[in-house]
Amino acid sequence: MRRGKGMKFVGDSRIPANKSQNVPKDYSEYPGRTEAFWPNFLIREWLTGSVFLIGFLILVAAHPSPLEQQADPTNASYIPLPDWYFLFIYQILKYQYAGGDYIVIGALVMPGLAFGALLLAPFLDRAPGRNVSKRPIATSLMLLGTAATIWLTYESVSSVDYQQRSEQYLVDVEAQETEVEIDTEAAGYAAYESNCMQCHGEQLQGSGNNPSLLSTEKSVDEIKDIAVNGIGSMPADMFGGSDEELQQLAEFIKQTAEANSGGGSGDSGGSH
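So, how was this worked out
- Throughout this document, residue positions are counted from 1 along each chain, in the order its sequence is written.
- Residues qualify for local features only when their pLDDT is at least 70, as the model is predicted, and side-chain atom pairs are given and counted only at 80 or more; totals for whole chains, interfaces and linings, by contrast, use all residues.
- Side-chain metrics rest on all non-hydrogen atoms present in the structure, leaving aside hydrogens and water.
- Runs of H or I in DSSP of at least four residues are treated as helices and runs of E of at least two as strands, each being numbered from the N terminus.
- Each residue is assigned to one of three classes by its accessible area relative to the maximum for its type, calculated with a 1.4 Å probe on protein chains only: buried under 20%, partly exposed between the two thresholds, exposed over 50%.
- Here, two residues are considered to be in contact whenever any of their heavy atoms come within 4.5 Å of each other.
- Given a helix with a known number of residues, its expected span is that number minus one, times 1.5 Å.
- The angle between axes fitted to the seven-residue stretch ending at a residue and the seven-residue stretch beginning at it gives the bend at that residue.
- Only the stretch in contact is used when fitting a helix axis, every axis being a line fitted to C-alpha atoms; angles between N-to-C directions are given from 0 to 180 degrees.
- By the definition adopted for this analysis, an angle is roughly parallel if under 35 degrees, roughly antiparallel if over 145, roughly perpendicular if from 65 to 115, and oblique otherwise.
- A clockwise turn of the near helix away from the far one marks a right-handed crossing, whereas an anticlockwise turn of less than a right angle marks a left-handed crossing.
- Gly falls in the polar group here, along with every residue not listed as nonpolar (Ala, Val, Leu, Ile, Met, Phe, Trp, Tyr, Cys, Pro) or charged (Asp, Glu, Lys, Arg).
- We define the nonpolar core as a collection of buried residues of types Ala, Val, Leu, Ile, Met, Phe, Trp, Tyr and Cys that are connected through side-chain atoms lying within 4.5 Å of one another.
- Per residue, pLDDT measures the predictor's confidence, with a range of 0 to 100.
- Only Phe, Tyr and Trp rings are paired, with Trp represented by its six-membered ring, and only when their centres lie within 6.5 Å; those with planes under 30 degrees apart are stacked, over 60 edge-to-face, the remainder tilted.
- Disulfides are defined as cysteine sulfur pairs within 2.5 Å.

Draft legend 1. A look at the overall build of the protein chain. Counting secondary structure elements, the protein chain contains ten helices and two strands. In the protein chain, the order of α-helices and β-strands from amino to carboxyl end is β-β-α-α-α-α-α-α-α-α-α-α. In the protein chain, which comprises 272 residues, the proportion classed as buried is 22%. Relative to all contacts within the protein chain whose residues are 6 or more apart in sequence, the contacts with residues 24 or more apart total 60%.

Structure below.
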């Protein structure tokens, strides 16, 4: 059987009967159906990509992502959130049999089964057609995975008070840029470094639930009492030094706060 320009095919297929060199297809019979890759095609793709990139940059500039505190492994009060594309997995860990003692199930087994099923879909359903009604396995897995991801992401987002997180963890850029004078040679600085710095920061600026000590208005005796007995979310017995070191610590915090009045931010109710 011969078709086209004397080409011979095997039966009804499009497989040539005779092997030949790889010759580029001749599009002359299809006017308007082809174009030069360079520069026509690339310029069109670059223009399209530039439009989306500019739009994305405008969106980022108009609605910047909230800047939270720098990662601090010593700050146990900070509760991080994963990026939005991991929120559905994060939500799984909140359920009874997917978190806590069953963390392996929620972190490895369930995501592994879900993604494994999606990876195996092309091998389980090898139908040649593209009609979704004729590919029930692949279509069902796709719809189930999409619906589960959307629902779990929604549940995770709706359970977070972003306004409260913004007030609690947002970085005060102006306060960060304010120069704070810390006398590292003071007698109480060593006691502060050993007992308080991991929660209240190197410059007494505070972090998360731990308030700034630069704005405290408490007296030396009140600071000593808080260091020993705690206050609010701060537990008791956080200070582990001698009475002399406790006195030096309280005086150091009080003198630093007075010297830098207005240089810190945050509620002083939990300072020590």
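Having seen the structure, we can now continue with the description.
Draft legend 2. Representation of helix 3 (residues 103-124) in the model. Across its 22 residues, helix 3 extends 30 Å between first and last C-alpha, which sits within 8% of the 32 Å expected from 1.5 Å per residue. Along helix 3, the sharpest kink reaches roughly 30 degrees, centred on Leu 118 and followed within four residues by the proline Pro 122. Within helix 3 the residues assigned to the buried category are Gly 106, Pro 111 and Ala 121. Close packing links the buried residues of helix 3 with helix 2 (87-92) and helix 4 (136-158).

Draft legend 3. Representation of the packing of helix 9 (residues 220-229) against helix 10 (residues 243-259). Interaxial distance between helix 9 and helix 10 falls to 9 Å at its minimum, and their mutual angle equals 120 degrees. As far as their axial angle goes, helix 10 and helix 9 are oblique. Seen from above, helix 9 lies across helix 10 with right-handed handedness. Here helix 9 contributes Val 220, Ile 223, Lys 224, Ala 227 and Val 228 to the contact with helix 10, which in turn contributes Leu 246, Gln 247, Ala 250, Glu 251, Ile 253 and Lys 254. Within the contact of helix 9 with helix 10, the residues separate by chemical class into seven nonpolar, one polar and three charged.

Draft legend 4. Region of interest: the environment of Ser 233. Mapped onto the secondary structure, Ser 233 falls in the loop between helix 9 and helix 10. Note on Ser 233: relative accessible area 65%, which makes it exposed. Along the chain, Ser 233 and Asn 210 lie 23 residues apart, while their C-alpha atoms are 8.6 Å from each other.

Draft legend 5. Structural context of the nonpolar core. Of all hydrophobic cores here, the largest spans 17 residues; its most connected members are Tyr 192, Leu 204, Leu 213, Phe 239, Leu 249, Phe 252 and Ile 253. With five residues, helix 10 is the largest single contributor of residues to this core.

Draft legend 6. Local environment of the confidence of the model for the protein chain. On average, residues of the protein chain score 77 in pLDDT, and 74% of them are at 70 or above. Ranking the elements of the protein chain by mean pLDDT puts strand 1 (residues 2-3) last, at 46, and helix 2 first, at 90. Residue range residues 263-272 is modelled with pLDDT below 50. Its contacts to residues more than four positions away, or to other chains, number 39 contacts.

Draft legend 7. Representation of the environment of Gln 203 within the structure. You can see Gln 203 is positioned in the loop between helix 8 (197-200) and helix 9. Taking the C-alpha atoms as reference, Gln 203 lies 8.1 Å from Glu 181; in sequence the two are 22 residues apart.

Draft legend 8. Looking closely at the packing of aromatic side chains. Considering all chains together, one arrives at six aromatic pairs under this definition. Aromatic pair Trp 84 and Tyr 85: ring centres 5.4 Å apart, planes at 80 degrees, arrangement edge-to-face. On the basis of relative accessible area, Tyr 85 is assigned to the partly exposed category, the value being 41%. Ring-pair connections join several aromatic residues into one group, and the members of that group are Trp 84, Tyr 85 and Phe 86.

Draft legend 9. The arrangement of the side chain of Thr 256 in detail. As for its placement among the helices and strands, Thr 256 is situated in helix 10. The residues touching Thr 256, leaving out its near neighbours within four places in the chain, are Glu 181, Ile 182, Leu 204 and Leu 214.

Draft legend 10. Structural context of the state of the cysteines. Under the definition given, this model contains zero disulfides. The thiol sulfur of Cys 196 is not disulfide-bonded, and the nearest other cysteine sulfur, from Cys 199, lies at 8.1 Å.

Draft legend 11. Local environment of the side chain of Ser 156. Looking at the element boundaries, Ser 156 is found in helix 4. Residue Ser 156 is classed as buried on the basis of its relative accessible area of 1%.

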